[in-house]
Amino acid sequence: MPASSKTTRASRDARPPAAARKERLDTRALEALVGYNTRRAWLVIGALFSERMAAYGLKQVDFSVLALIAHNPGATSRQLCSTLDILPPNLVNLIAAMDSRGWIERRPHPSDGRAIGLHLTAAGEKLVAEAEQVVVQLEHDASARLSARERETLMQLLQKIYL
């Protein structure tokens, strides 16, 4: 794309409202789709997540796995894959990376001799405690235009789709 055709957010915001309205496309057909609206909301939340979690070196999937282990000590890889819809080979790499960073440790599962339970190390516990606070705040920031009741309703409705 030629540099002259690229616009930055600042230059778009600086345009007069009439010019912006003239360039705005009719998105009603897309806005009537759950997937489109969900994706657009995720783009806002995902950008905030990436920005604020960069300091911790965490991606969303990393945070999700660590949070599940924090709240379910001894969880197995099979349970994590099932809960998060992660393919086992992908989780193996995540767990290995977390282990090498000193965030988790593997211990024999107390009731299944074939399984290994995953536990946070002290460093992992500290990381998750800090990261969870940041994630809760970024979600509140991203959904600031919603009332507490609207936010709760939105989460319940979204969960009806995937639970």
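Values in this document were obtained by computation on a predicted structure and should not be read as measured data.

Visitor: Is there a simple way to explain unusual backbone geometry in this structure?
Guide: The bulk of non-glycine residues show a negative phi, and the bulk of peptide bonds are trans. Located in the positive-phi region is Asp85, a residue other than glycine, with phi close to 55°. Secondary-structure assignment places Asp85 in the loop between helix H6 (77-84) and helix H7 (88-100).

Visitor: I tried to follow a nonpolar patch on the surface on my own but got confused; where do I start?
Guide: A surface patch of nonpolar side chains, about 720 Å² in accessible area, is lined by Val34, Leu146, Leu154, Leu158, Ile161, Tyr162 and Leu163. In terms of residue count, the dominant contributor to the nonpolar patch is helix H9 (residues 148-162) (four residues). By the secondary structure assignment, Ile161 is in helix H9. Residue classification places Ile161 among the exposed positions, given a relative accessible area of 60%.

Visitor: Whenever I open this one, the environment of Gly74 confuses me. Can you help?
Guide: You can see Gly74 is positioned in the loop between helix H5 (60-71) and H6. Each C-alpha atom, one on Gly74 and one on Pro108, is 8.6 Å from the other, the two residues being 34 residues apart in sequence. Apart from residues lying up to four places away in sequence, Gly74 is in contact with Gln79, His109, Gly117, Leu118 and His119.

Quick notes on the rules
Residues numbered from 1 in each chain as written. Predicted model: local features only at pLDDT ≥ 70, side-chain atom pairs only at ≥ 80, totals over all residues. Heavy atoms only, no water. Helix = DSSP H or I, 4+ residues; strand = E, 2+ residues; numbered from the N terminus. Patch = residues over 30% accessible without salt bridge, like charges linked within 9 Å, V, L, I, M, F, W, Y side chains within 5 Å. Areas by Shrake-Rupley, 256 points an atom, 1.4 Å probe, with all protein chains shown as cover. Salt bridge = Lys/Arg side-chain N within 4 Å of Asp/Glu carboxyl O. Buried < 20%, exposed > 50% of the residue type's maximum accessible area, 1.4 Å probe, protein only. Contact = heavy atoms within 4.5 Å.

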